[in-house]
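# Architecture and fold: a report
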Amino acid sequence: MTAPDLEDLEITDLGAQGDGLAIMQGGVRIHVPLTLPGERVLAQVEGDRGQLVEVLRPSPDRQTPASPHYGECGGCSLQHWASGPYLQWKTDRVRHLLAREGIETEVRPAIPCRPGSRRRLGLHARRGQNGRVLLGFKARRSWRLVEVERCPVALRQIEAAFPALREVAAPFLEHPKSAPTLHVTWTETGLDVEVTGVERKSGGLSRDGRVRAAAAAAAADLARLTLGGEALYQAREPVVRFGQALVAPPPGAFLQAVEAAETAMAELAVQALKGCGRTADLFCGMGAFAFRLAETGQVLAADSWAPGIAALERGAAHASGLKPIRAMTRDLFREPLSAFELKGVDGALFDPPRAGGLAQAMELGKSDIPTVVGISCNPSTFARDARALIEAGFRLDEVTPVDQFLWSAHVEVVGVFRR
Ligand SMILES: C[S@@+](CC[C@H](N)C(=O)[O-])C[C@H]1O[C@@H](n2cnc3c(N)ncnc32)[C@H](O)[C@@H]1O
């Protein structure tokens, strides 16, 4: 094996994953994580990857990273970038991905999210030396676990619970093949933790393990602890608020990562769909947007995840002052709501998973709905779906990036289509 070459590189751009890009002789593009455009750096280069050794000429936009685990932890890739150019890069990236589909529209300045606002985290647990439990995130481009004590992205309540969560994780490591992940969500009644990645072949978690997990959950004052959807401990029912409604999320439910981002997206959607008497919320989850839309008009809500639809229905049954919500479990990839079924709907919102919702977008295109709001955590598939709507006669009037995934290369978008 040959040792990597030490190279003096000029970083000219930033790639899609947030890595600095340098062009070597012969036009080879080298990805150098943790660098910024305009910087001169020393990096160990192997293939098309460079590992930063030293920043020889820092960018004026370089800032001190907030996390003590920065660089090692793979969770954040852009913590070293000042907020102005960082947000501008996300906005430009959305514009670029739309342009690639031939779409030109107004891309508004990205809505920022504060540090310390993330309410959902996936924490991995492993055994370290001397049997000690390690809790943290994966290292950059590696399966290695980086133990974290602080996470400036997470809500303070989650960060403060790290030591107690390490105790909660311990029983799930009883089988050497287990690689547990604690999916931690902050709710109105406290922390809701769903554990996955526990070896099931030998009967799953032992009886003793369950007792220890429940005791650790009580000591950590969790609202609920579940393993693969099965309750191990519940002190209080977890509850999340969507506008005026309270919903009890089933274990492992999808929830927008940052509450303020969800509120900002809902405000954009409600504003665009103002005056609609009947809207459709497609890929509705537990109704994060449906409940806000139901404050002024009837809602038809659909999603393939039956437990989420059941939670939405229970929330709707207890909410007061809302217009009726009709919810249905439906696979919108295989069986999108047809233009015929959408008759009488005068506004629609669609918020598909990362893969996008092309089949549903095409049906929306065939319908006579005048306004559609598209929300997506993947601007590439959003642009593809937008293309389908535009080909069906819509204009994409505006797109607003929302920086829901702080200091990562990911960005959420909200687009308003009209015809
Ligand atoms: C990005 S989430 C949005 C959920 C909701 N709008 C919210 O903000 O909480 C995407 C949703 O798509 C749903 N989904 C995934 N595949 C689906 C499919 N084939 N058909 C219908 N819904 C699907 C998931 O269950 C999830 O609720």
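As recorded by an unreviewed UniProt entry, the protein carries the name Class I SAM-dependent RNA methyltransferase and is attributed to Peiella sedimenti.

### Some words on the UniProt feature "binding site: S-adenosyl-L-methionine" (unreviewed entry) in the protein
If you check UniProt for "binding site: S-adenosyl-L-methionine" (unreviewed entry), the listed places come out as Gln256, Phe283, Asp303 and Asp351 in our numbering. Residue placement: Phe283 occurs in the loop between strand E17 (278-282) and helix H6 (290-293). For Phe283, a relative accessible area of 11% corresponds to the buried category. The contact partners of Phe283, leaving out residues within four places of it in the chain, are Ala302, Asp303, Leu332, Phe333, Phe350, Asp351, Pro352, Pro353, Gly357 and Gln360. Judged by relative accessible area, Asp351 falls into the buried class, the value being 12%.

### Digging into the sheet that holds strand E13 (residues 224-227)
Hydrogen bonding along the main chain pairs the strands of a sheet, whether they run parallel or antiparallel. A sheet is described by the order of its strands in space; here seven strands give the open sequence E10-E9-E8-E11-E12-E13-E14, paired in mixed fashion. Across the chains shown, the open sheet's two edge strands, defined by having one partner strand only, are strand E10 (145-147) and strand E14 (230-234). Across the sheet, the mean angle separating the axes of adjacent strands is 35 degrees when strand polarity is ignored. Together, strand E8 (120-127), strand E9 (133-138), E10, strand E11 (181-187), strand E12 (190-196) and E13 form the strand contacts of helix H3 (residues 162-169), whose direction differs from that of E9 by roughly 110 degrees. Its contacts with the sheet place helix H4 (residues 207-219) against E13 and E14, and it is angled at close to 45 degrees to E14.

### Some words on helix H5 (residues 259-272)
Taking 1.5 Å per residue as the helical rise, H5 with its 14 residues ought to reach 20 Å, and the 20 Å between its terminal C-alpha atoms agrees with that figure. Of all the positions in H5, only Ala261, Glu262, Ala264, Met265, Ala266, Leu268, Ala269 and Ala272 are classed as buried. For H5, the secondary structure elements touched by its buried residues are strand E15 (240-242), H6, strand E20 (347-350), strand E21 (371-376), strand E22 (395-402) and strand E23 (412-418).

### Focus on the sheet that holds E23
Pairing within the open sheet is mixed, and its eight strands lie in the order E7-E22-E23-E21-E20-E17-E18-E19. Strand pairing shows two members of the sheet lacking a second neighbour, strand E7 (106-107) and strand E19 (325-329), which therefore form its edges. In the sheet, E22 pairs with E23 via seven bridges, with the strands oriented antiparallel. Bridge pairing in E23 links Pro401 to Val413. Most of the contacts of H5 go to E23, to which it runs at about 5 degrees, and overall it touches E20, E21, E22 and E23. Across the face of the sheet, helix H8 (residues 358-366) comes into contact with E17, E20 and E21 while running at roughly 170 degrees to E20.

### Some details on the UniProt feature "active site" (unreviewed entry) in the protein
UniProt marks Cys377 with the feature "active site" (unreviewed entry), using the numbering shown here. The topology assignment puts Cys377 in the loop between E21 and helix H9 (379-391). Not counting residues within four places of it along the chain, the set of residues in contact with Cys377 comprises Arg354, Phe405, Val411 and Glu412.

### Some points on helix H1 (residues 83-100)
The terminal C-alpha atoms of H1 lie 26 Å apart, and with 18 residues this matches the ideal 26 Å at 1.5 Å per residue to within 8%. Tyr86, Leu87, Trp89, Lys90, Thr91, Val94, Leu97 and Leu98 are the residues of H1 that are buried. Buried residues belonging to H1 abut strand E2 (13-14), E7, H9, E22 and E23. Note on H1: the residue one or two positions beyond its end, Gly102, has a positive phi of about 75 degrees.

### Some details on the pattern of salt bridges
Applying the stated criterion to the full structure yields 26 salt bridges. Several salt bridges converge on common partners, so that one network encompasses Arg119, Glu262 and Arg292.

### A look at the packing of H1 against H9
Working note: a packed helix pair is described by the angle between its axes plus the distance between those axes. It is the contact of H1 with H9, at a shortest axis distance of 9 Å, that shows an interaxial angle of 40 degrees. By the angle class used here, H1 and H9 are oblique. Considering the relative orientation of H1 and H9, their crossing is right-handed. Within the contact between the two elements, H1 uses Val94, Leu97, Leu98 and Arg100 and H9 uses Pro379, Ser380, Phe382 and Ala383. Its residues assigned to classes, the contact of H1 with H9 shows six nonpolar, one polar and one charged.

### Some details on the nonpolar core
Membership of the largest hydrophobic core comes to 52 residues, with the highest contact counts inside it found for Leu123, Leu165, Phe172, Leu182, Leu222 and Leu225. Grouped together as the second largest cluster of nonpolar side chains are 40 residues, Val258, Ala269, Cys276 and Ala301 included.

### A look at the site of the ligand
Close to the ligand lie 17 residues; Gln256, Asp303, Asp331, Leu332 and Asp351 are nearest. Take Gln256: an N or O atom from its side chain is 2.7 Å from an oxygen atom of the ligand. Asp303 places a polar side-chain atom, nitrogen or oxygen, 2.7 Å from an oxygen atom of the ligand. In isolation the ligand exposes 590 Å². Once the protein is present, 88% of that is buried. When grouped by side-chain class, the residues that make up the shell around the ligand number 10 nonpolar, three polar and four charged.

### Thoughts on the layout of surface pockets
In this structure, the second largest pocket spans a volume of roughly 410 Å³. Surrounding the second largest pocket, 15 residues form its lining, Pro33, Gly50, Gln51, Leu52 and Arg140 being those nearest its centre. Counting residues per element, the ones that place at least two in the lining of the second largest pocket are strand E5 (40-46) and strand E6 (49-57). At four residues, E6 tops the list of elements feeding residues into the lining of the second largest pocket.

### Side note on the pairing of E11
Along E11, five of the seven residues are buried, which leaves the element largely enclosed by surrounding structure. Here seven bridges tie E11 to E12, and the two strands are oriented antiparallel to one another. From the neighbouring strand, Thr187 faces E12, where its bridge partner is Gly190.

What counts, and where the lines are drawn
- Residues numbered from 1 in each chain as written.
- Predicted model: local features only at pLDDT ≥ 70, side-chain atom pairs only at ≥ 80, totals over all residues.
- Heavy atoms only, no water.
- UniProt positions renumbered as here; feature names shortened; annotations may be inferred.
- Helix = DSSP H or I, 4+ residues; strand = E, 2+ residues; numbered from the N terminus.
- Buried < 20%, exposed > 50% of the residue type's maximum accessible area, 1.4 Å probe, protein only.
- Contact = heavy atoms within 4.5 Å.
- Pairing = 2+ DSSP bridges.
- Axes fitted to C-alpha atoms, helices over the stretch in contact; angles between N-to-C directions.
- Expected span 1.5 Å × (residues − 1).
- Salt bridge = Lys/Arg side-chain N within 4 Å of Asp/Glu carboxyl O.
- Parallel < 35°, antiparallel > 145°, perpendicular 65-115°, else oblique.
- Left-handed = near helix turned anticlockwise from the far one by under 90°.
- Nonpolar A, V, L, I, M, F, W, Y, C, P; charged D, E, K, R; others polar.
- Core = buried A, V, L, I, M, F, W, Y, C linked by side-chain atoms within 4.5 Å.
- Near = heavy atom within 4 Å.
- Polar contact = N/O pair within 3.5 Å; in protein donor to acceptor, adjacent residues only side chain to side chain.
- Areas by Shrake-Rupley, 256 points an atom, 1.4 Å probe, with all protein chains shown as cover.
- 1 Å grid on protein atoms, 1.4 Å probe; cavity = no way out; pocket = protein on both sides within 12 Å on 5 of 7 lines; lining within 4 Å.
- Points joined across faces, edges and corners; volume = space filled by probe spheres on them.

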